[in-house]
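Residue-level listing of the chains:
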Amino acid sequence: MLPTKDQLGLDDLGKSIDVIVNDKTISFRISNELLFPSGQATLSPSGLEVIKKVAEVLNRSAYPVSVEGHSDNVPIQTRQ
């Protein structure tokens, strides 16, 4: 039987983060609209708070971490 989010200490991440517990992995799914405004490369204030919550959880873990991300199709309108 798979552990629950509560048993893993992941129940306090809030509604903005989906936690998916699988047989051998735990995934955190965060909406890109929450993290970055469209066409921007700087985290939004709410996105920064979400990342801080996830970082606290990851810092308590001794397991390897893999990070994946996706971008939108709106070009960044800066010199970047």
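Structure first, text after, so check above.
A quick note: this is a predicted structure, and the numbers were derived from the prediction, not measured.

1. Here's the deal with the layout of surface pockets
Considered as a void within the structure, the largest pocket measures approximately 1,500 Å³ in volume. Lining the largest pocket are 42 residues, with S27, F28, S66, V67 and E68 positioned closest to its centre. Considered class by class, the residues forming the lining of the largest pocket number 23 nonpolar, twelve polar and seven charged.

2. Description of the environment of L8
Relative to the helices and strands, L8 is located in the segment before β1 (17-21). For the pair L8 and I26, spaced 18 residues apart in sequence, the C-alpha separation works out to 9.9 Å. Apart from residues no more than four positions distant in its own chain, L8 is found in contact with P3, V21 and I26.

Reading the values: the criteria
Within each chain, residues carry numbers counting from 1 in the order of the written sequence. Selection of residues for local features in this predicted model requires a pLDDT of at least 70, selection of side-chain atom pairs for listing and counting requires 80 or more, and totals for whole chains, interfaces and linings are taken over all residues. Computation of side-chain values covers all heavy atoms of the structure but excludes hydrogens and water. For each structure, a 1 Å grid was placed over the protein atoms alone; sets of points admitting a 1.4 Å probe that cannot get out are labelled cavities, open sets with protein on both sides within 12 Å along at least five of seven lines are labelled pockets, and lining residues have an atom within 4 Å of a point. Grid points are joined across faces, edges and corners, and a volume is the space filled by probe spheres set on the points. Under the scheme applied, nonpolar residues are Ala, Val, Leu, Ile, Met, Phe, Trp, Tyr, Cys and Pro; charged residues are Asp, Glu, Lys and Arg; polar residues are all the others, including Gly. Starting at the N terminus, helices and strands are each numbered in turn, a helix being any DSSP run of H or I of at least four residues and a strand any DSSP run of E of at least two. Contacts: residue pairs with any heavy atoms within 4.5 Å of one another.

Without other data, these values stay purely geometric and don't point to any function.
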